[in-house]
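Each chain is listed here by its residues.
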Amino acid sequence: MSESKQLQQLVDEVKTYMKYAVSDDQIEPAAAVIHKYRNSPQVLYLLREYYLALPDAREEPALQIAQLVHHQGVSLFVVSTPSISYLYVSSVHQVVWLGEYKDTEELDPEVLSYFGFDNQEEFLKSCPPVSDLEEYGSNLNGEPSVCPACGVSEGEYHLLGCAVEVCPWCEGQLSKCNCRFEQLEIDVIEKEEELEDFLVLLTAKGRIPFKPQQVPFYPGTSDGLDRDEKTG
Ligand SMILES: [Zn+2]
Ligand SMILES: [Zn+2]
């Protein structure tokens, strides 16, 4: 299935859950938010989780998404409804509800240290009031500053397997080109170790970190990166 189809399917799914979750008069504003993030899998997964498991069973639309911190594709997001804000930790693969924003119970020390906070107190100090939160992706119409596929920031390495990562050998799309097989001198990758071996070779060759210019094709055409953009 092409990426654009997958993305469209995800958008439809989120909309379906949303319609079950909010009252009729709230569907329009809720749908507008989903539409705004239609090209951002990370936010769509976040919204899907929100509507699937409405915290406190409040039937309210998610009206604003803000990103507090992010590190290598994992983010702390604040989802705001008309009456409350919630904190979520999210990657493209997993979204976990942490509780009410600024009023969460003690966060897992591992989560805190992952994002560079020594303790809960230090974390809370860096949490602005809800009214000062900046809407996530307010520049989404310009060049994205985070990879729309795996969520890493400009200058960071993509998560392995990200469709946007550029291959340092052929400058094509790393998830699609044949370089991994050629480098490993095998026909298929079956074992976890082979993938790890490839990561070693890839790192030695020099991975290409995310740049906003890498996503001209995303999320629509199937032509891939090598079509009109040579990076390197
Ligand atoms: Zn990426
Ligand atoms: Zn390649």
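Here, the structure is the one placed above.
Let us look at the structure shown here.

Criteria and thresholds
Residues numbered from 1 in each chain as written. Chains lettered and ligands numbered in written order. Predicted model: local features only at pLDDT ≥ 70, side-chain atom pairs only at ≥ 80, totals over all residues. Heavy atoms only, no water. Helix = DSSP H or I, 4+ residues; strand = E, 2+ residues; numbered from the N terminus. Buried < 20%, exposed > 50% of the residue type's maximum accessible area, 1.4 Å probe, protein only. Contact = heavy atoms within 4.5 Å. Areas by Shrake-Rupley, 256 points an atom, 1.4 Å probe, with all protein chains shown as cover. Donors = N, O, S within 2.8 Å, 3.2 Å for Na, K, Ca; no water. Tetrahedral: all angles 85-135°; square planar, octahedral: opposite > 155°, others 65-115°. Patch = residues over 30% accessible without salt bridge, like charges linked within 9 Å, V, L, I, M, F, W, Y side chains within 5 Å. Salt bridge = Lys/Arg side-chain N within 4 Å of Asp/Glu carboxyl O. Lys, Arg positive; Asp, Glu negative; His and termini not counted. Charge placed at Lys NZ, Arg CZ, Asp CG, Glu CD. Expected span 1.5 Å × (residues − 1). Core = buried A, V, L, I, M, F, W, Y, C linked by side-chain atoms within 4.5 Å. Phe/Tyr/Trp six-rings, centres within 6.5 Å; stacked < 30°, edge-to-face > 60°.

**Topic: the overall build of the chain**
Right, so step 1: Within the chain, the regular secondary structure consists of seven helices and four strands.
Right, so step 2: Of the regular secondary structure in the chain, the N- to C-terminal order runs α-α-α-β-β-β-β-α-α-α-α.
Right, so step 3: Taken over 232 residues, the chain has a buried fraction of 44%.
Right, so step 4: In the chain, the proportion of contacts linking residues at least 24 apart, taken out of those at least 6 apart, comes to 53%.
Right, so step 5: Carbon and sulfur atoms form 46% of the exposed surface of the chain, whose accessible area is close to 12,400 Å².

**Concerning the coordination of the zinc ion (ligand 1)**
Right, so step 1: Distances from the zinc ion (ligand 1) to its protein donors, C147 (SG), C150 (SG), H158 (ND1) and C162 (SG), fall at 2.0 to 2.4 Å.
Right, so step 2: Around the zinc ion (ligand 1), the four donor atoms sit at angles spanning 106 to 112°, and that spread fits a shape best called tetrahedral.

**Let's talk about the coordination of the zinc ion (ligand 2)**
Right, so step 1: Within the protein, the atoms that donate to the zinc ion (ligand 2) are C167 (SG), C170 (SG), C177 (SG) and C179 (SG), at distances of 2.2 to 2.3 Å.
Right, so step 2: Sequence spacing of the donor residues for the zinc ion (ligand 2), all on one chain, is C-x2-C-x6-C-x1-C.
Right, so step 3: Residue C170 is classed as partly exposed on the basis of its relative accessible area of 34%.

**Observations regarding a negative patch on the surface**
Right, so step 1: Judged by side-chain charge, E192, E193, E196 and D197 come together as a negatively charged surface patch.
Right, so step 2: As for its placement among the helices and strands, E196 is situated in helix α7 (residues 192–205).

**Comments concerning helix α3 (residues 41–52)**
Right, so step 1: When the terminal C-alpha atoms of α3 are compared, their 16 Å separation across 12 residues agrees well with the 16 Å that a helix rising 1.5 Å per residue should span.
Right, so step 2: Along α3, the residues classified as buried are P41, Q42, V43, L44, L46, L47, Y50 and Y51.

**Comments concerning the nonpolar core**
Right, so step 1: Core analysis: the biggest nonpolar cluster contains 28 residues, and I34, L47, Y50, Y51 and I65 have the highest contact counts within it.
Right, so step 2: Breaking this core down by element, the ones donating at least two residues are α1 (3–21), α2 (27–36), α3, β2 (74–80) and β3 (85–90).
Right, so step 3: Leaving out residues up to four positions away in the same chain, I34 has contacts with V11, V14, K15, M18, L44, L47 and Y51.
Right, so step 4: Listed in part, the 17 residues of the second largest apolar core include A66, V69, L112 and C127.

**Digging into the packing of aromatic side chains**
Right, so step 1: One pass over the structure, following the stated rule, counts seven aromatic pairs.
Right, so step 2: Aromatic side chains F77 and Y136 sit 5.1 Å apart centroid to centroid with 80° between the ring planes, which places their arrangement in the edge-to-face category. A residue pair is termed long-range when its members are at least 10 positions apart, and F77 in strand β2 and Y136 in the loop between α5 (120–125) and α6 (179–184) qualify at 59 residues.
Right, so step 3: Seen from their ring centres, Y114 and F115 are 5.0 Å apart, and the 90° between their planes marks the pair as edge-to-face.
Right, so step 4: Taking the relative accessible area as the measure of exposure, Y114 reaches 34% and is therefore partly exposed.
Right, so step 5: Assessed through its relative accessible area of 12%, F115 is described here as buried.
Right, so step 6: Grouping aromatic residues by their ring pairs yields a cluster made of Y37, F77 and Y136.

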